[in-house]
Amino acid sequence: MLQVKVKMKRQKTIQQFFHSKASKTNEGKEHIKNQEYINMSSEGSSGISTSEQPEAQIQLPTEETVSPKPKGSSRSLSVKVFPFIQVTKDGYWCTSCKKAYEEGKLPNAIIGKSGGAWFVKLISKANADKLREKAAKHQASGVHQHAESLISPLSKPISEVLNEAVKNAGDTTQFMRTNMAVASYFLFKQEMPHTTNWRPMLSVLSLVHPEVEHWFRTRPANARYLSPRNSTDWLEACGATVKDSTVEKVKNSLTTFKKFAYMADECTDANGHQVLSHCVRYLDVKGRPVDAFLDVQVIENTSAASVTTHILEELNACQLDPKQMAACAFDGAANFSGRHGGIQALLREKCNPNLSYTHCRGHLLELALVRAAESSKDIKKAIHLMSSLYSFFSKSPKRLNILENIENTLGLKFKLVQPGKTRWLSHERSLAVVLKLLQPLLLALESIYQDGMDLSSEAGGLLLLLRSEKTIAILSLVSLLLKPLGSLNNAIQASATTVVDLCPAIEATFGSIRELSIEKVLEEAKTSVQKLTNEGIYIESLSEEDKKCLLRQLKKYIDLILKNLQQRLLDSTQPLRSFYRSLSYKTPTVEWSEALPAMELPCDQDRIENLNTEWNIVRRMNENLTSTSFLSSLVARPDLCALFPGMKEVGIHLLLLPVTTATVERSFSSLNRILCSERSRLLPDHVNELMSISIEGMEVPDTREATEDERIAFKKFINRVVQNYNKKPRRM
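Residues numbered from 1 in each chain as written. Predicted model: local features only at pLDDT ≥ 70, side-chain atom pairs only at ≥ 80, totals over all residues. Heavy atoms only, no water.

## Looking at the overall build of the chain
- The number of helices and strands found in the chain is 32 helices and 12 strands.
- For the chain, the proportion of its 732 residues judged to be buried stands at 46%.
- If you sum the accessible surface of the chain, you get close to 38,100 Å²; carbon and sulfur atoms cover 51% of it. (Helix = DSSP H or I, 4+ residues; strand = E, 2+ residues; numbered from the N terminus. Buried < 20%, exposed > 50% of the residue type's maximum accessible area, 1.4 Å probe, protein only. Areas by Shrake-Rupley, 256 points an atom, 1.4 Å probe, with all protein chains shown as cover.)

## Observations regarding the environment of S203
- Looking at where S203 falls in the secondary structure, it is placed in helix α8 (residues 194-208).
- Separated by 10 residues in the primary sequence, S203 and E213 place their C-alpha atoms 8.0 Å from one another.

## Things to note about the pattern of salt bridges
- One pass over the full model with this rule turns up 14 salt bridges.
- For R281, the salt bridge is made with D291, and the minimal N-O distance between the two is 2.8 Å. Remark: D291 occurs in strand β10 (residues 289-299) and R281 occurs in strand β9 (residues 274-283); sequence separation between them is 10 residues.
- Judged by relative accessible area, which is 2%, R281 ranks as buried. (Salt bridge = Lys/Arg side-chain N within 4 Å of Asp/Glu carboxyl O.)

## Quick look at the sheet that holds strand β11 (residues 325-330)
- The sheet built from five strands is open, its strands ordered β10-β9-β8-β11-β12 with mixed pairing. The open sheet terminates on both sides in strands that have one partner only, identified here as β10 and β12 (356-359). Going across the sheet, the axis of each strand differs from the next one's by a mean of 20°, ignoring polarity.
- As paired strands, strand β8 (residues 260-268) and β9 are joined by eight bridges and run antiparallel to one another. Looking across to β9, one finds that A261 is bridged to R281. (Pairing = 2+ DSSP bridges. Axes fitted to C-alpha atoms, helices over the stretch in contact; angles between N-to-C directions.)

## Topic: the pairing of β9
- Within β9, nine of the 10 residues are buried, which leaves it mostly tucked inside the rest of the structure.
- In the sheet, β9 pairs with β10 via 10 bridges, with the strands oriented antiparallel. Each residue of the ladder has a partner; that of L276, found in β10, is Q297.
- Once β9 ends, the chain turns through five residues before running back antiparallel as β10, passing G287 with a positive phi of about 80°.

## Details of the pairing of β12
- Across the two faces of β12 the burial differs, with S356 and T358 buried and Y357 and H359 not buried at all.
- Two strands pair when backbone bridges link them, and β11 and β12 are joined in this way by four bridges, in the parallel orientation. Paired with F330 across the bridge in β12 is H359.

## A look at the sheet that holds strand β7 (residues 123-124)
- Spatially, β5-β6-β7 is the arrangement adopted by the three strands of the open sheet, whose pairing is antiparallel. Each edge of the open sheet carries a strand with a single partner, namely β5 (85-87) and β7.

## Quick word on a nonpolar patch on the surface
- Judged by side-chain polarity, V204, L207 and V208 come together as a nonpolar surface patch covering roughly 320 Å² of accessible area.
- Within the secondary structure layout, L207 lies in helix α8.
- Classification of L207 by relative accessible area gives exposed; the value is 72%. (Patch = residues over 30% accessible without salt bridge, like charges linked within 9 Å, V, L, I, M, F, W, Y side chains within 5 Å.)

## What about the packing of aromatic side chains?
- Counting across every chain of the model gives 12 aromatic pairs.
- Both rings, one in F579 and one in W592, keep their centres 5.4 Å apart while their planes meet at 50°; by these two values the pair is tilted. Of this pair, F579 sits in helix α24 (residues 574-585) while W592 is found in helix α25 (residues 592-598), placing the two residues 13 residues apart along the sequence. Exposure class is identical for F579 and W592. Each is buried.
- An aromatic cluster is defined as three or more aromatic residues linked by ring pairs; in this entry it consists of Y262, F330, F336 and Y357.
- Of note, R399 hangs over the ring of F392, and the distance from its end group to the ring centre comes to 4.5 Å. (Phe/Tyr/Trp six-rings, centres within 6.5 Å; stacked < 30°, edge-to-face > 60°. Lys NZ or Arg CZ within 6 Å of the ring centre and 35° of its normal.)

## Examining helix α13 (residues 343-350)
- Every buried residue belonging to α13 is among I343, Q344, A345, L346 and L347, and all of these are buried.
- Of the surrounding secondary structure, the elements contacted by the buried residues of α13 are α11 (304-317), β11, α12 (334-337) and β12. (Contact = heavy atoms within 4.5 Å.)

## Quick word on the nonpolar core
- Counting residues in hydrophobic clusters, the biggest one holds 103 residues, and the most contacted among them are F393, L445, Y557, L565, W592, M599 and V650.
- Non-local contacts of W592, meaning those with residues more than four positions away in its chain, are made with F579, P597, C603, I608, L611, N612, W615, M647 and V650.
- M201, L205, F714 and I718 belong to the second-largest nonpolar core, a separate cluster that totals 44 residues. (Core = buried A, V, L, I, M, F, W, Y, C linked by side-chain atoms within 4.5 Å.)

## A short note on the confidence of the model for the chain
- When the pLDDT values of the chain are averaged, the result is 81; 83% of them are 70 or greater.
- Confidence drops under a pLDDT of 50 for residues 1-73, and excluding neighbours within four residues, the segment shows 95 contacts in the predicted structure. (pLDDT = per-residue confidence, 0-100.)

## A short note on a negative patch on the surface
- A contiguous patch of negative charge on the surface is contributed by D702, E705, E708, D709 and E710.
- The topology assignment puts E705 in the loop between α31 (684-696) and α32 (708-726).
- Taking the relative accessible area as the measure of exposure, E705 reaches 69% and is therefore exposed. (Lys, Arg positive; Asp, Glu negative; His and termini not counted. Charge placed at Lys NZ, Arg CZ, Asp CG, Glu CD.)

## A word on the packing of helix α16 (residues 397-410) against helix α18 (residues 438-451)
- Viewed as axis vectors pointing N to C, α16 and α18 meet at an angle of 135°, and their least axial separation amounts to 9 Å. The angle between α16 and α18 places the two elements in the oblique class. Relative to α18, the crossing made by α16 is right-handed. Within the contact between the two elements, α16 uses R399, I402, L403, I406, E407 and L410 and α18 uses Q439, P440, L441, L443, A444 and I448.
- Here the residues of the contact of α16 with α18 are counted per class, giving nine nonpolar, one polar and two charged. (Parallel < 35°, antiparallel > 145°, perpendicular 65-115°, else oblique. Left-handed = near helix turned anticlockwise from the far one by under 90°. Nonpolar A, V, L, I, M, F, W, Y, C, P; charged D, E, K, R; others polar.)

Structure follows, in structure tokens:
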């Protein structure tokens, strides 16, 4: 097949014909004529400059497949293709235009502009070789179409036809863009690679909607709706919509409550760059605390001054007043938590001198466990055993198959759980599984050791450590300890947890740990050892002297945990816990001189007197004063706000005080899922947009369980996405 490049002409009317001239063969004897007719609808060409369209590639049959046409065949074929042609002895007329002209329906302006060809002046037979080209041009002209609309009683005027075509084309394009917006948003929300899955997603959409498939097939060749770049355009539109919606909610909250809290942290992404994540806490229209992700930035310098500058720039870019920042929460890094040169100190200096700083309680809880475990080598070895067992079996299919076969024989169906590398509280599930799989683990390790397989020496070391009554007792105690601590950690990391929620959780955790009986733990460990011995498994038992030593060691371990928790959690929250007890028991008086400084609120005599007056009324209300719902109604209900303005300010601070930076940590988890080794070439702006959609974007309404309000809200969101997408002109 020969390839002939034909430059597409500028489209002036609805329909247009393109003609390619004959090309000579290498010998210059025979010619090949090619006629191509392309029907361009106004829908496809609306808003498109054809001067920008690429050259069309037209495939012509080779000379060997074309037989010479007999003389006169071109004129006969033209009359068949264009039925409006009237053949006379002198030339050719257009029956439609001639009839309209004779009836006086064609304006003189149109006649003068066109010269009257085909209806005033006939086309001479001398130009018969160009008859098809001239007829095609005339059929596409506005004069001919206007004449056709005038002589046909069933047709509408051409102006109405054009207006309807443009309107229908616009409605159809809007409908198709809405479908593409939903399809692209699904990819972004599910954190799927959008550039590689964009065209397959549109193919699936075409299979579901036949009208979508027809629309895709009738698009111009230079339309870019299938290109990966178009999926990126949708990403930018979706990301901008989600970010604007989040910022708008925060700004609306500031209009009502005048305050917000800020959280941040930094980490290293998959490309080795330092990134800073910005999150805020605000109150919604009902006064409920909400954590929101704002942005993630690549930074070059992690010094306190540089990070503070980035924080202020981000807040200003979102049009959030830094002076309205009431509280902030960071981890224990020196550049964040430093009292003199840290970020919290610089923010207090530049934004709000009464800024309240919270050290993440989740980090404090983790530090308390790590510090307590350092007191005993035996406890550290027993806890480290979880990671060693998982690594030993998971890295070898052969060893794992041995363990699974033994489990199947014993009727057990458990899987080893990998403990976290940086979070000791994640060992709870791993410990529970190891205690349930003690028998198959011991049998598998002994089998591998005796068979002399790969790493048999490592299997022997793990076997010596695991088949000890001391190790089993330590694992049992740590498992019991991690249950209440894990519950406390879950309460801390919940996105809506407030200070008033945290106080009872801390006290309940302390009570659970104090009630632990080490003697009972040792008795249960002895029972487990006896069962394993009855099954023929050798376990190294403890002597009475060793039991006494282990008892003292475990008691010291528990005392250290309580002491570290006391220093890190109880002491720092003592004034707030006292205020919580006043709310809980509705005491006649409240120590405002301690509670207000703990919340970084002004503590003058007039304020204390006003608060005492309001408290005497509030404590007599038949409500649970420690519940978040009551505090939310206290700060959001107009009647309560008018009655208790001082308590409203206290309630706003209690609800806004962040207790953790878990929201920031979750944003890093999203970052690691999006920017991974398989997608390491994503631009920072696109990573930021994908994270915003993943964290803050609306959920796609469920087919069965979604309410009508959720469906309407999602449709409004998609319409805003399409509006953002339409702001940039595109070839569609």
